[in-house]
Every structure is written in structure tokens, then in C-alpha cells.
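# Summary of the model geometry
Here's the letter readout for the chains.
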Amino acid sequence: MKRRSLLLVAIAALGLAPGALAQSDAWPARPVRIVSFLAPGGLSDTLARILAQHLEARLGGKFLVENRSGGGGVIGAAQVAEQPPDGYTLGISGVGSNVIAPAINANVKFDPMKSFTHIAFLGGAPTALVVHPGAGMSSLREFVERARSKGGLQFGSAGAGTQGHLIGELFRRDAGVELTHVPYRGAIPVVADVIAGHVPAGFVTISSAAQHVRAGTLKALAVTSAERLAQFPDVPTFAEAGYRDLVALTWFALCAPAGLPKTIVTKLNEAAVQIMTSPAVTKQLEAESIQVLKMDAEAFTAFVRAEIDRWAPIAKKVAVQPQ
């Protein structure tokens, strides 16, 4: 009895209910919902479905992906932040929803660090400026010339506050041209509208546009990778053209509401790292120029903090506004 009492006192001191440890050890005992903050078909959705499929095989139970798009990922993020930290609601966070949007959108009600448990890095891809191949813009220089001659051009992104939006705004500033942002609910609708000629250009992850660039139905003018991509050696980087601020990765990650038990965090992080770096998944991701950074939960949380420190001031400086 004395030993049991001491154990209960220790658990209480950690802020845990007596049954919390047993519950986390038994997790998952029912279906787990993974909320993707962007629309189906994009990188966030792709990574969520790869993860869900392999988590079922590794951890048992059902992992169900649910898309909750809007506001550059803010709507889905806010919904996840409000859920109990029991491991049965997870989210696919990203640089747009958890770094850029909170810095520029006064309507964001969650704290990008305090409202979430940051679990694991899943993958990231550079952003590409894409246009219709028949638009007569075969280079970044020709795109700038066209924008100047027409008094400006529109560009689409996966949503207000996403990194594609921010990259577009940085390019507008550095190139000294007039560009008008058109927000979409995810990258795939942007790609479709550029192909159809409804919008002249898009700033989207290269992974979202890869099959169309290969097929010749889209032209990629530049990418935000530090070096040219092995999969697209003919596509120059923005840095090559002198836009040195435009080196960035649009990343996505696994998160949960703040306060997720450490045993579940560790279990999910270890599983996610093993899944995303496995030979089969690595081959699949590399084909789409998606990079994976291998980090434990503590290191990944520090990474998110560093991304906020880097991008939030830039977002405010170029005066990106939610739309």
C-alpha cells in the first residue's frame, strides 16, 4: 500500500491522472484521426496517407486521414489544437500553418509552439515557380519582363499564409514587379488552373507539379532549393538568378494537441522516422524531390522554433496579409 501511495503521489506530481500511463501504454485502442490541414492531392495529403498506411502496419489499429483545408492550414490546425491530447487526433502541421500564418494573421487563435506537441518531421520540398509552357515565358528573366510589360501578373499558391504565398511575395519585392496573389485551397487546384490558363503562374511545391513538369504541361522556371535538383537538372534555382533569400523548404510534420503523453510521442516519433526513412518510402519521396530530416521529437521541436525565428520576421517585413 505504501509503495502504491508513493507511486500515485509521483504520478500526481507529473500532472497525470492515475490511469494515464496505462492508457498511453494501450494506445491505440480505437481509430486515430490524422487531420491534414490542406486539400487532397498535395504534399501534406500525400505524406499523411503514406504515414497512415504504414502506422497501421507497425502499430496496429486504424489511422484515418481527414482533410480540413482553408486559411492556409489555419482552420485544420485550430481544430486539432482544441482536441484532447489523448493520441486519437493528430495533425499534419507545416511551415505555412505553424510558422507563417500565426505571424501574419491576427485571427489565429492558437500558439504555434504552446498549442501543439511537435512529434516528427515527415518531409519537405522546394517551391517552384510554374507557368503554362505556351505562355511564352521560358525563363525567370522572361517572366519578370512579362510582368513589367503587362503592369503585373497574378500568381496562385496553396493558400494565404502558405510558404508558396510568402515566396511569391519575396520574389515580388526582390524582382521589383507587380504580382497579385490568388489564394487556393491547396496546391493541386493551383496546378490545374495554371495548366488551364486561368492563372498565369503558381508558386507551389515542385512535388505537386512534378508529373506535369515531366509531361511538358507545365514549365518550371526556378526552384527554391539550395542547388539544382537531381530530378530536374534543367530547372535553375532562384539563388542562381540572384534571389538569395529564396532558399527554402516547404515542410510538413506530425503534431498533436499540447500535452500528448511522452510515451505516445516517443512511439509515434520512432515509428514515423522509421517509416519515412525506409528504403521503399525514401525511393518514393526522392522521385518527387521530397527530403526527409531525421530528428527525435525534442530536436524537431527545436527545429520548429528555429523556423519561426527565421520566417516570421520575413513575413512581417514583406507585409504579407491574409486573404
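Summary of the structure given here. (Residues numbered from 1 in each chain as written. Predicted model: local features only at pLDDT ≥ 70, side-chain atom pairs only at ≥ 80, totals over all residues. Heavy atoms only, no water.)

### Side note on unusual backbone geometry
Residue P28 is bonded to the preceding W27 through a cis peptide linkage, with omega at 0°. A positive phi is found at S289, a non-glycine position, where the angle reads about 60°. Among the residues examined, S289 registers a relative accessible area of 4% and is labelled buried. (Buried < 20%, exposed > 50% of the residue type's maximum accessible area, 1.4 Å probe, protein only.)

### Topic: the sheet that holds strand 7 (residues 179-183)
Remark on secondary structure: sheet strands pair via backbone hydrogen bonds, oriented parallel or antiparallel. Taken together, the five strands give an open sheet; going across it, the order is 7-6-8-5-9, and neighbouring strands pair in mixed fashion. Since the sheet does not close on itself, it has two edges, and those belong to strand 7 and strand 9 (219-223), each with one partner. Adjacent strand axes in the sheet meet at a mean angle of 30°, parallel and antiparallel pairs treated alike. Strand direction decides the pairing type here: strand 6 (residues 153-157) and strand 7, joined by five bridges, are parallel. Note that in strand 7 the partner of Q154 across the bridge is T180. (Pairing = 2+ DSSP bridges. Helix = DSSP H or I, 4+ residues; strand = E, 2+ residues; numbered from the N terminus. Axes fitted to C-alpha atoms, helices over the stretch in contact; angles between N-to-C directions.)

### Things to note about the sheet that holds strand 10 (residues 250-257)
Pairing in this open sheet of five strands is mixed, and the strands run 2-1-3-10-4 from one edge to the other. One side of each edge strand has no neighbouring strand; the edge strands of this open sheet are strand 2 (63-67) and strand 4 (116-125). Adjacent strand axes in the sheet meet at a mean angle of 25° when their direction is disregarded. Two strands pair when backbone bridges link them, and strand 4 and strand 10 are joined in this way by eight bridges, in the antiparallel orientation. Looking at the pairing, H118 lines up with C255 of strand 10. On top of the sheet, helix 5 (residues 95-104) reaches strand 3 (89-94), strand 4 and strand 10; it is set at about 60° to strand 3, its chief contact. (Contact = heavy atoms within 4.5 Å.)

### Description of the side chain of N269
Locating N269 in the fold gives a position in helix 10 (residues 262-276). A distance of 3.1 Å separates the side chain of N269 from the backbone oxygen of M295, its partner in a polar contact. Beyond its immediate chain neighbours, meaning those up to four positions away, N269 contacts I119, A120, M295, D296 and A297. (Polar contact = N/O pair within 3.5 Å; in protein donor to acceptor, adjacent residues only side chain to side chain.)

### Description of the nonpolar core
Residues L268 and M276 are the most contacted members of the largest nonpolar core, which totals 55 residues. Once residues lying within four places of it in the same chain are set aside, the contact partners of M276 are L47, I50, L51, L122, V281, T282, L285 and V292. Counting 42 residues, the second largest nonpolar core, distinct from the first, contains V95, V99, I100 and V177. (Core = buried A, V, L, I, M, F, W, Y, C linked by side-chain atoms within 4.5 Å.)

### Quick notes on the packing of aromatic side chains
Tallied over the entire structure, the rule returns 15 aromatic pairs. Ring centres 5.3 Å apart and planes at 85° place the aromatic pair F155 and F203 in the edge-to-face group. A residue pair is termed long-range when its members are at least 10 positions apart, and F155 in strand 6 and F203 in strand 8 (residues 201-205) qualify at 48 residues. With respect to class, F155 is no different from F203; both count as buried. Members of the aromatic cluster, connected to one another through ring pairs, are F143, F155, F171, F203, F238 and Y243. The side chain of R30 reaches across the aromatic face of Y88, ending 3.8 Å from its centre. (Phe/Tyr/Trp six-rings, centres within 6.5 Å; stacked < 30°, edge-to-face > 60°. Lys NZ or Arg CZ within 6 Å of the ring centre and 35° of its normal.)

### Topic: helix 12 (residues 297-317)
In this model helix 12 runs 30 Å from its N-terminal to its C-terminal C-alpha over 21 residues, within 8% of the 30 Å that 1.5 Å per residue would give. Maximal helix bending in helix 12 amounts to about 25°, located at W311; proline P313 follows within four positions. Of the positions making up helix 12, those classed as buried are A297, F300, F303, V304, E307, I308, W311, A312 and A315. Structurally, helix 12 contributes buried residues whose contacts are with helix 5, strand 4, helix 7 (163-175), strand 10 and helix 10. Its side-chain oxygen placed 3.3 Å from the backbone nitrogen of E298, D296 serves as the N-cap of helix 12. (Expected span 1.5 Å × (residues − 1). Bend = angle between axes of the 7 residues up to and from the residue.)

### Section: the pattern of salt bridges
Applying the stated rule across the entire model yields 11 salt bridges. We note a salt bridge from E56 to K62, for which the minimum N-O separation is 3.8 Å. Taking relative accessible area as the criterion, E56 reaches 25% and is therefore assigned partly exposed. Among the ionic pairs, R68 bridges to E66, the shortest N-O distance being 2.8 Å. In this structure E66 comes out as partly exposed when scored by relative accessible area, which is 22%. Members of the salt-bridge network, linked through shared partners, are R33, E66 and R68. (Salt bridge = Lys/Arg side-chain N within 4 Å of Asp/Glu carboxyl O.)

### What about helix 3 (residues 43-59)?
Spanning 17 residues, helix 3 covers 23 Å between terminal C-alpha atoms, matching the ideal 24 Å at 1.5 Å per step. Within the span of helix 3, buried status applies to L43, S44, D45, L47, A48, I50, L51, A52 and L55.

Nothing here speaks to function; it is all geometry.
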